[in-house]
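A closer look at the structure
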Amino acid sequence: MDLETALKECSSALDLFLNNRFADALALLKPWKTQSMYHAMGYSSILVMQAGMTFDPKDMDAAMTSLRESLETCQRFRKKTGIVETLTNLWYKQPIENLTEEEMHAELCYAEVLLQKASLTFLDESVIAFIKGGMKIRNSYQIYKDCQAMANVTKDLEKQRSTHIHFRGGVSMGIGSFNLMLSLLPSRVLRLMEFLGFSGDRELGLSELRQGAASNSLRSILSTLTLLMFHLYITVILGTGEGNLTESEALLQPYKEKFPNGALILFYTARIALLKGNFTFAQEKFLACIAAQEEWRQIHHLCYWELMWAYSFELNWREAYRYADLLCKESKWSQAVYMFQKAAILCMLPEEEVAQLGENVVELFRQVDGLRLRIAGKSIPTEKFAAKKAERYSSPTPVKLVVPALEMMYVWNGFTVVGKRPELTERILTILEKAEEQLREDPNPSEYHLDDHCVVQLLKGLCLRQLGRLIQAELCFNHVIASESDIKHDNYLVPFTMYELGLLHKQKGDINKAITVIENAKLNYKNYNMESRLHFRIHAALNTMGSFAAKLPPSRTPA
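Residues numbered from 1 in each chain as written. Predicted model: local features only at pLDDT ≥ 70, side-chain atom pairs only at ≥ 80, totals over all residues. Heavy atoms only, no water.

Okay, the packing of aromatic side chains next. This structure, assessed with the given rule, holds 22 aromatic pairs. Grouping aromatic residues by their ring pairs yields a cluster made of Phe-279, Trp-305, Trp-309, Phe-313, Trp-333, Tyr-338 and Trp-412. Positioned over the ring face of Tyr-448 is Arg-392, at 4.2 Å from the centre of the ring. Its guanidinium or amino end placed over the ring of Trp-412, Arg-533 lies 4.7 Å from that ring's centre, counting from NZ or CZ. (Phe/Tyr/Trp six-rings, centres within 6.5 Å; stacked < 30°, edge-to-face > 60°. Lys NZ or Arg CZ within 6 Å of the ring centre and 35° of its normal.)

Take a look at the structure:
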């Protein structure tokens with residue numbers, strides 16, 4: 001099959017995929033996946049996307065196997081003399097015919113499959129996983145850089161060959177994704193990446209991805225989805241929650257017109273609405289996404305997760321419980337987190353209502369630790385956190401968690417979302433004040449008493465900061481920090497609170513103080529729960545404040 005025909009067939013498969021015909025897309029690609037580099041890459045790309053949505057070990061294995069086969073297929077089309085020799089020829093003004101159009105695409109496809117293979121490693125948010133992922137994709141990055149050099153040399157070919165626009169679009173997607181991903185890394189990891197020859201320029205990454213998204217090439221949708229993932233998920237969970245929703249809507253608009261019933265399109269439309277605080281509209285769109293197809297149940301599970309949060313943000317705990325329960329029954333992604341989430345939501349309901357539902361909160365919490373997964377021998381940070389919080393239920397006389405659903409809301413940075421709705425933030429504040437009063441009046445305080453009080457103070461401070469009551473918020477944060485020596489179990493509280501205090505100083509306009517407090521959280525605390533997650537958030541926050549501390553090695557970082 002020639003290159004032009006392969007690209008057209010893959011474009012047809014992509015349309016099938018975006019119209020929810022996932023099996024048809026795979027069926028179109030499968031017969032040629034050992035003979036065409038684009039069919040091989042397209043086939044493995046769909047499996048990688050499925051694995052990324054489910055986190056199911058079987059899907060991960062299937063994707064990895066397909067990626068290995070795709071690398072073998074792409075390798076057969078690469079110039080046997082290798083890219084280095086080819087670029088040497090280009091450097092010395094040798095004829096461009098030394099590398100055929102097909103061989104250029106083979107280099108690009110090979111690099112892209114390597115990048116996808118690494119992306120499965122990047123799903124684990126630990127620092128070590130990022131280092132391992134970085135080591136694996138060094139080769140991919142170098143090939144992308146070489147392809148970029150070829151794209152610059154062969155600009156005139158774009159007008160001559162219909163296939164060349166797809167090559168340039170692929171280069172933009174690859175170079176953009178690399179720079180954007182690496183720009184997220186905390187400085188201690190980025191230093192190692194730079195030593196290995198990488199660069200993490202966020203603005204360059206965004207610029208290249210925007211070019212790729214606008215290029216009308218086969219990979220335009222990949223550039224678009226990468227940008228949407230960055231704005232709608234990465235900046236929320238591993239950043240400061242300031243994703244570009246305006247750009248996300250503009251990127252999605254042409255796909256909404258072409259694929260109005262496409263599950264992925266409906267899903268991202270709902271996610272944008274959720275982050276804007278339009279929870280009712282978001283719920284409608286997530287339900288429409290569920291109704292749009294039955295083939296990939298995993299998309300339903302993603303919607304259940306989002307619906308659970310949409311109802312939690314509205315404090316509709318009964319509906320939130322319903323979707324947490326569905327996740328426990330149907331999804332394999334993280335049973336420990338689902339079980340904890342379900343129990344945590346039930347804690348927010350009156351005991352008689354929990355009894356009516358036939359649930360036993362203590363028994364649910366006791367199951368959490370045994371449901372934990374290990375990926376490549378490592379615990380998942382959020383599961384580790386949930387199991388640590390559930391520990392107190394393992395004793396014969398369990399000690400209740402105070403506001404566990406609100407604490408988990410913070411873990412996923414949900415206060416930045418619910419903060420868009422002041423009336424809901426006020427209602428959460430009322431719940432926290434009631435919890436604070438109950439703790440104060442507890443006649444028999446447990447060993448967890450002070451930790452629970454500090455959790456409430458941290459969450460109160462977040463609500464007050466969102467409502468603009470900064471002096472009161474600062475008092476709450478300082479109370480937690482002052483209690484450091486007395487905190488026994490929740491070792492994450494002080495560094496996370498320092499980070500939030502830093503953001504409060506930023507909101508007040510005192511950037512220098514903000515940087516000092518956040519740097520303190522970064523440099524003086526270690527071995528606490530979700531440490532990696534906080535380091536990513538710190539890195540993102542320092543970048544938004546123009547702090548060179550986020551970009552330079554410690555040797556040049558002010559104390």
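Having seen the model, we can carry on.
Turning next to the pattern of salt bridges. The final tally for this structure, using the stated rule, is 28 salt bridges. With its nearest N and O atoms 2.8 Å apart, the salt bridge here joins Arg-465 to Glu-500. With Arg-465 in helix α25 (residues 449-466) and Glu-500 in helix α27 (residues 493-508), the pair connects residues that are 35 residues apart, well separated along the chain. Here Arg-465 matches Glu-500 in class, with each residue buried. What emerges from the salt-bridge pattern is a single network uniting Asp-325, Lys-329, Lys-342 and Glu-359. (Salt bridge = Lys/Arg side-chain N within 4 Å of Asp/Glu carboxyl O. Helix = DSSP H or I, 4+ residues; strand = E, 2+ residues; numbered from the N terminus. Buried < 20%, exposed > 50% of the residue type's maximum accessible area, 1.4 Å probe, protein only.)

Its location among the elements puts Met-104 in helix α6 (residues 101-122). It is 25 Å that separates the C-alpha atoms of Met-104 and Asp-15, two residues lying 89 residues apart in sequence. Discounting residues that sit within four places of it in the chain, Met-104 has contacts with Leu-99, Met-150, Thr-154, His-164 and Phe-167. (Contact = heavy atoms within 4.5 Å.)

For the rest of this paragraph, the subject is unusual backbone geometry. Phi at Asn-20 is positive, roughly 75°, even though this residue is not glycine. Structurally, Asn-20 can be placed in the loop between α1 (3-18) and α2 (22-29). Classification of Asn-20 by relative accessible area gives buried; the value is 8%. The phi torsion at Leu-315 lies on the positive side, around 65°, for a residue other than glycine. Tracing the sequence through the fold places Leu-315 in the loop between α16 (297-313) and α17 (317-330).

Each pocket or cavity is described by its volume, and for the second largest pocket that value is around 920 Å³. As for the second largest pocket, its lining consists of 32 residues, and the residues nearest its centre are Cys-347, Lys-400, Leu-401, Val-402 and Gln-438. Breaking the lining of the second largest pocket down by element, the ones donating at least two residues are α19 (351-356), α20 (361-367), α24 (422-440) and α25. Broken down by element, the lining of the second largest pocket gets its largest block of residues, six residues, from α24. In terms of residue class, the lining of the second largest pocket is built from 20 nonpolar, five polar and seven charged. (1 Å grid on protein atoms, 1.4 Å probe; cavity = no way out; pocket = protein on both sides within 12 Å on 5 of 7 lines; lining within 4 Å. Points joined across faces, edges and corners; volume = space filled by probe spheres on them. Nonpolar A, V, L, I, M, F, W, Y, C, P; charged D, E, K, R; others polar.)

With respect to the helices, strands and loops of the structure, Leu-542 is situated in helix α29 (residues 531-544). Each C-alpha atom of the pair Leu-542 and Glu-351 lies 44 Å from the other, and the pair is 191 residues apart in sequence.

Throughout the structure, instances matching the rule amount to three cavities of 30 Å³ or more. Estimates place the volume of the largest cavity at around 70 Å³. The wall of the largest cavity is formed by Lys-388, Lys-389, Glu-391, Arg-392, Tyr-448, His-489 and Asp-490. Looking at the lining of the largest cavity residue by residue, the classes come out as one nonpolar, one polar and five charged. Contributing to the lining of the second largest cavity are Met-1, Asp-2, Leu-3, Ala-6, Gln-35, Ser-36, Met-37, Tyr-38, Phe-77 and Glu-102. Elements that contribute at least two residues to the lining of the second largest cavity include exactly α1 and α3 (37-54). Broken down by class, the residue content of the lining of the second largest cavity amounts to six nonpolar, two polar and two charged.

To continue, consider the packing of α16 against helix α22 (residues 404-411). Relative to each other, α16 and α22 sit at 120°, their axes nearing to 11 Å. Every pair of crossing elements has a handedness; the one defined by α16 and α22 is left-handed. Mapping the contact onto sequence places Trp-309, Ser-312 and Phe-313 in α16 and Ala-405, Met-408 and Met-409 in α22. In terms of residue class, the contact of α16 with α22 is made up of five nonpolar, one polar and no charged. (Axes fitted to C-alpha atoms, helices over the stretch in contact; angles between N-to-C directions. Left-handed = near helix turned anticlockwise from the far one by under 90°.)

Read these as layout, nothing more, since geometry by itself doesn't imply function.
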